[in-house]
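Listed below, chain by chain, are the residues.
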Amino acid sequence: MKGKIIFKEEQSFVGTWMWYLVIGIAFFSVGGTIVGLYFTQDKEGIIGLIIAALVTGAVIALFFTSKLYISIDQNNLYYRYPPFVSTEKIISKDDVKEIYVRKYKPIREYGGWGYRLRLRSGRALNVSGNMGLQLVTKNDKRILLGTQKPEALKHAVRRLKENWGLDG
């Protein structure tokens with residue numbers, strides 16, 4: 001059961017530069033298939049058009065359903081990132097060795113935005129930007145949760161560390 005929430009954030013791809021990418025994918029995949037059908041007069045090419053439309057629809061649906069939820073109460077941190085992490089994950093003081101807000105390089109460290117796994121830098125769940133909450137667990141797993149509210153998150157992390165009895 002959650003206590004009094006001291007930080008809450010919901011992020012999505014809607015309204016970010018990623019929509020330009022989605023529109024570009026839709027235009028080139030479906031448009032390219034239509035142009036190809038026109039010039040080749042290949043009636044079986046309709047299968048390619050259907051596949052292009054389905055893939056484009058799946059990418060758009062993924063952007064609409066991907067949302068990062070982060071909340072912090074006095075004792076725990078909670079997050080989920082449907083459809084990749086559909087059940088809420090809870091991180092308590094017993095799990096954490098380090099926790100802090102930091103600037104990061106999304107492309108260099110994680111290969112971009114979204115749900116990312118890297119051997120060296122760990123797991124990242126981010127939507128946009130270059131600020132995030134870095135967690136290092138007691139078994140040395142690294143998790144980075146992106147944020148668009150770094151100052152509010154820093155304040156919440158300070159309060160969380162006080163409650164957990166962590167330094168810094």
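Residues numbered from 1 in each chain as written. Predicted model: local features only at pLDDT ≥ 70, side-chain atom pairs only at ≥ 80, totals over all residues. Heavy atoms only, no water.

## Quick notes on the pattern of salt bridges
For step 1, the next point in the chain: By the definition in use, this model includes 4 salt bridges.
For step 2, the next point in the chain: With its nearest N and O atoms 2.7 Å apart, the salt bridge here joins Arg102 to Glu109. (Salt bridge = Lys/Arg side-chain N within 4 Å of Asp/Glu carboxyl O.)

## Quick word on the side chain of Ser66
For step 1, the next point in the chain: Here Ser66 shows up in the loop between α2 (46-65) and β2 (67-73).
For step 2, the next point in the chain: Setting aside anything within four residues of it in sequence, one finds Ser66 in contact with Gln11, Ser12, Phe13, Tyr81, Pro82, Pro83 and Phe84. (Helix = DSSP H or I, 4+ residues; strand = E, 2+ residues; numbered from the N terminus. Contact = heavy atoms within 4.5 Å.)

## As for the pairing of strand β3 (residues 76-81)
For step 1, the next point in the chain: Among the 6 residues in β3, 5 count as buried, and that is most of the element.
For step 2, the next point in the chain: Where β2 meets β3, 4 bridges bridge the pair, whose relative direction is antiparallel. Following the sheet pairing, Ile70 is matched in β3 by Tyr79.
For step 3, the next point in the chain: Between β2 and β3, which pair antiparallel in sequence order, lie 2 residues. (Buried < 20%, exposed > 50% of the residue type's maximum accessible area, 1.4 Å probe, protein only. Pairing = 2+ DSSP bridges.)

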